[in-house]
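Listed below, chain by chain, are the residues.
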Amino acid sequence: QVQLVESGGGLVQAGGSLRLSCAASGRTFSRYTMGWFRQAPGKEREFVAGISWSGGDTTYTDSVEGRFTISRDNTKNMVYLRMNSLKPEDTAVYYCAADTDQRLISKTERVYDYWGQGTQVTVSS
């Protein structure tokens, strides 16, 4: 069983920054592709960013490209999402997710095997 715990969410003014963290358990964390998703009220959960097991490859959804940075530290079993230049439309619950059996980064939520409970990010105007 893989457990994921997100932290770092909060309330921030538009234009501000936050760094989300995801702490993962598991003996083979370094082999997982990791992703960040978000879900706003009334909307489907959407892909935000993904990172390969080695950290060498990253993928972002167009709306956050250039503003968000995903990274990982396999020594600490951690994955991060640095969010800069935040906009009100970034307001959502942010989830980290682990894909335990693929090395390609997927934007499809059903590919991911384990999910955290989410952390709320609220961006005010």
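1. A few points about the sheet that holds strand β7 (residues 68–73)
Then step 1. Taking strand neighbours across the sheet as the criterion, the four strands line up as β1-β3-β8-β7 in an open arrangement whose pairing is antiparallel. Pairing within the sheet leaves two strands with one partner each, and these edge strands are β1 (4–7) and β7. For this sheet, the mean inter-axis angle between neighbouring strands, taken without regard to orientation, is 15°.
Then step 2. Relative to strand β8 (residues 78–83), β7 runs antiparallel, the two being bridged by six bridges. If you follow arginine 72 over to β8, its bridge partner there is valine 79.

2. Some details on the pattern of salt bridges
Then step 1. Applying the stated criterion across every chain yields a total of four salt bridges.
Then step 2. The partner of glutamate 109 in a salt bridge is arginine 45, with the nearest N and O atoms 3.0 Å apart. Here the residue glutamate 109 occupies a position in the loop between β9 (92–99) and β10 (114–115), and arginine 45 occupies one in the loop between β4 (33–39) and β5 (46–51), the gap between them amounting to 64 residues.
Then step 3. Here glutamate 109 falls in the partly exposed class, since its relative accessible area comes to 25%.
Then step 4. Here aspartate 90 ties to arginine 67 by a salt bridge, and the two come within 2.8 Å at their closest N and O atoms. Residue aspartate 90 is found in the loop between β8 and β9, and its partner arginine 67 is found in the loop between β6 (58–60) and β7; the two are separated by 23 residues along the sequence. The burial state of aspartate 90 is the same as that of arginine 67; both residues are buried.
Then step 5. Each of Arg38, Glu46, Arg67 and Asp90 takes part in a single network of salt bridges with overlapping partners.

Reading guide: rules and limits
Residues numbered from 1 in each chain as written. Predicted model: local features only at pLDDT ≥ 70, side-chain atom pairs only at ≥ 80, totals over all residues. Heavy atoms only, no water. Pairing = 2+ DSSP bridges. Helix = DSSP H or I, 4+ residues; strand = E, 2+ residues; numbered from the N terminus. Axes fitted to C-alpha atoms, helices over the stretch in contact; angles between N-to-C directions. Salt bridge = Lys/Arg side-chain N within 4 Å of Asp/Glu carboxyl O. Buried < 20%, exposed > 50% of the residue type's maximum accessible area, 1.4 Å probe, protein only.

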